[in-house]
Amino acid sequence: MANLIEDIGILGKDGKELCEAYHVSKDVNTGKSRKLYIESYGCQMNFSDSEIVASILQKEGYDTTSEVALADVVFLNTCSIREKAEQTVRNRLNHFSGLKKQRPELIVGVLGCMAERLKTRLLEEEKIVDLVAGPDAYRDLPKLLAQVDDGDKAVNTFLSREETYADISPVRLNSNGVSAFISIMRGCDNMCTFCVVPFTRGRERSRDPKSIVAEAADLFQGGYREVTLLGQNVDSYKWSEAENNKARLEKKGADGVVNFASLLEMVAQIHPDLRVRFSTSHPKDITDEVLHTMARYENICKYIHLPVQSGSSRILEMMNRGYSREWYVGKVQRIREILGEACGISSDMITGFCSETEVDHEETLSLMEMVKFDYAYMFHYSERPGTLAEKKFSDDVPQEVKKRRLTEVIEKQSQHSLMRNRTDVGKVYQVLIEGPSKKSAEQLQGRNSANKVIVFPANGHRRGQYVHVKVEDCTGATLIGKVVE
Ligand code: SAM
Ligand code: SF4
């Protein structure tokens with residue numbers, strides 16, 4: 001285990017480092033004259049943004065490709081959440097410089113959070129880069145590419161207060177044809193002291209609910225059976241005809257405000273066979289109204305990603321999370337009261353934040369013991385330039401202590417994931433089939449409402465169908481079962 005996390009700060013479900021697990025654009029050949037290759041790093045929001053980028057450039061004569069060797073334009077859609085994520089991108093740029101030597105006409109662009117954070121510095125530091133575009137500048141890409149075609153470098157890192165790309169219908173680049181992600185808001189106003197997102201993605205704004213419902217209905221018509229509503233803090237979704245910027249809306253007030261609970265209900269009403277998920281929930285913002293809406297609709301999945309970050313109230317205050325340990329535990333109790341034990345709850349955890357003591361760390365472990373998360377994304381703290389923590393606190397926990405604490409958190413979580421999965425053995429769940437299992441073409445896999453992956457013999461069943469599966473066995477990561485009538 002110690003070796004596994006030697007240089008790892010962010011672990012995904014398969015134990016892979018999330019920031020290194022990148023997505024590549026798929027082959028879409030409609031006979032267009034130029035080819036675009038996109039590698040996307042970091043969070044689901046970024047993967048979703050790449051689909052918007054592909055859609056904007058499709059109209060400008062670009063097909064997408066999964067092979068960099070065939071590309072006229074290479075985009076890296078980047079993540080800045082911690083230092084290692086940025087280093088990964090710099091290594092990739094190094095790798096591409098060989099290609100650019102062979103084909104000097106190849107255009108290399110950096111998009112997303114790293115583009116926003118570093119702006120023109122990226123052009124100075126990474127000579128191979130021709131184009132830099134922040135998350136709110138994608139409509140400008142055709143113009144920026146034309147500038148590069150004319151022999152100039154091109155940069156747009158303007159952050160908008162309103163942009164939501166509401167009218168752009170994304171080209172699905174990473175989809176299994178069954179589940180899709182829908183961006184419902186952009187930016188974040190929370191200012192957690194460790195986090196770079198408010199600086200790279202700007203102020204919080206919500207997307208027009210009509211366009212969200214239309215996109216979800218379209219997906220359902222196209223055979224999709226699950227949508228995940230995405231945002232950094234979905235529970236603070238707030239939209240009105242007159243104002244979509246949260247800060248301005250709260251200041252001025254407005255009529256006809258649509259909140260997250262009403263949006264969830266609107267999407268759930270599209271069709272009972274369309275499952276609805278959402279991520280991420282902020283513990284301070286998720287309301288009883290949302291929990292009751294979840295309870296009312298069977299097709300709203302009973303799963304909440306509710307990042308706690310730390311179990312110590314002192315550290316939570318320094319992180320500016322807006323809740324204490326007791327408040328968080330109370331919120332979990334409320335979820336259990338309204339949605340029962342079967343509701344899946346997962347978390348994000350950071351070890352070794354500024355000034356964290358062994359006592360604080362023990363409190364994180366004891367909170368985990370109380371809640372017993374089904375799953376967690378676990379990180380050790382990585383100081384980010386420009387954040388409030390960098391300005392106010394000293395990054396004083398030694399690296400080896402951060403990593404040792406991370407190992408302990410991961411070990412505890414592995415025990416709890418297995419423990420929680422064991423309680424599912426013997427139960428029957430409705431499962432939406434996503435496709436063949438990773439290990440065998442004779443097995444299919446899908447998820448239950450609580451977001452648990454279940455593997456079972458195919459026996460003629462197909463992707464996109466709902467089946468009832470009885471769980472017969474499990475590992476810490478997967479439930480194993482068979483279809484029952
Ligand atoms: N908006 C979501 C929330 O508040 O829970 C999460 C957004 S962030 C992209 C995903 C996770 O990255 C955070 O929940 C946090 O655990 C982790 N993270 C953010 N900044 C970090 C940092 N400087 N060092 C380590 N982990 C960090
Ligand atoms: Fe970052 Fe906090 Fe916003 Fe999440 S809620 S994106 S952790 S500032």
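Everything here concerns the structure above.
Residues numbered from 1 in each chain as written. Chains lettered and ligands numbered in written order. Predicted model: local features only at pLDDT ≥ 70, side-chain atom pairs only at ≥ 80, totals over all residues. Heavy atoms only, no water.

1. What to know about the site of ligand 1
In the vicinity of ligand 1 lie 14 residues, with Gln 232, Pro 307, Gln 309, Asp 348 and Ser 382 positioned nearest. Between Arg 321 and ligand 1, the recorded distance is 3.2 Å, taken from a side-chain N or O atom to an oxygen atom. In the environment of ligand 1, a nitrogen atom lies 2.7 Å from a nitrogen or oxygen atom belonging to the backbone of Ser 382. Of the residues in the shell around ligand 1, the class split is six nonpolar, five polar and three charged. (Near = heavy atom within 4 Å. Polar contact = N/O pair within 3.5 Å; in protein donor to acceptor, adjacent residues only side chain to side chain. Nonpolar A, V, L, I, M, F, W, Y, C, P; charged D, E, K, R; others polar.)

2. Observations regarding the packing of helix α9 (residues 260–268) against helix α10 (residues 288–296)
Interaxial distance between α9 and α10 falls to 8 Å at its minimum, and their mutual angle equals 15°. Here α9 is positioned roughly parallel relative to α10, judged by the angle of their axes. Crossing of α9 against α10: the hand is right-handed. Counting all contacts with α9, which are made through Phe 260, Ala 261, Leu 264 and Glu 265, the residues of α10 involved are Glu 289, Val 290, Thr 293, Met 294 and Arg 296. Within the contact of α9 with α10, the residues separate by chemical class into five nonpolar, one polar and three charged. (Axes fitted to C-alpha atoms, helices over the stretch in contact; angles between N-to-C directions. Helix = DSSP H or I, 4+ residues; strand = E, 2+ residues; numbered from the N terminus. Parallel < 35°, antiparallel > 145°, perpendicular 65-115°, else oblique. Left-handed = near helix turned anticlockwise from the far one by under 90°. Contact = heavy atoms within 4.5 Å.)

3. Considerations on the side chain of Arg 384
Tracing the backbone shows Arg 384 in the loop between β17 (375–380) and α14 (388–392). With relative accessibility at 3%, the residue Arg 384 sits in the buried group. Look past the residues within four positions of Arg 384 in its chain and what remains in contact with it is Ser 80, Ile 81, Arg 82, Glu 83, Glu 86, Arg 117, Phe 194, Val 196 and Glu 390. (Buried < 20%, exposed > 50% of the residue type's maximum accessible area, 1.4 Å probe, protein only.)

4. Regarding the sheet that holds strand β16 (residues 344–351)
Spatially, the three strands line up as an open sheet ordered β15-β16-β17, and their pairing is parallel. Only two strands of the sheet have a single partner each, and these edge strands are β15 (303–305) and β17. Here the strands of the sheet are splayed against their neighbours by 10° on average, with no regard to which way each runs. In terms of strand pairing, β16 meets β17 through six bridges, oriented parallel. Looking across to β17, one finds that Asp 348 is bridged to Tyr 377. (Pairing = 2+ DSSP bridges.)

5. Quick notes on the pairing of β16
Counting buried positions along β16 gives eight out of eight residues, so the element sits mostly inside the fold. Alternating positions in β16 separate into two faces, Gly 344, Ser 346, Asp 348 and Ile 350 on one and Ile 345, Ser 347, Met 349 and Thr 351 on the other, with burial throughout. In this view, the connection linking β16 to its parallel neighbour β17 by way of helix α13 (residues 358–371) has right-handed handedness. (Right-handed = clockwise from strand over helix to strand, strands pointing away.)

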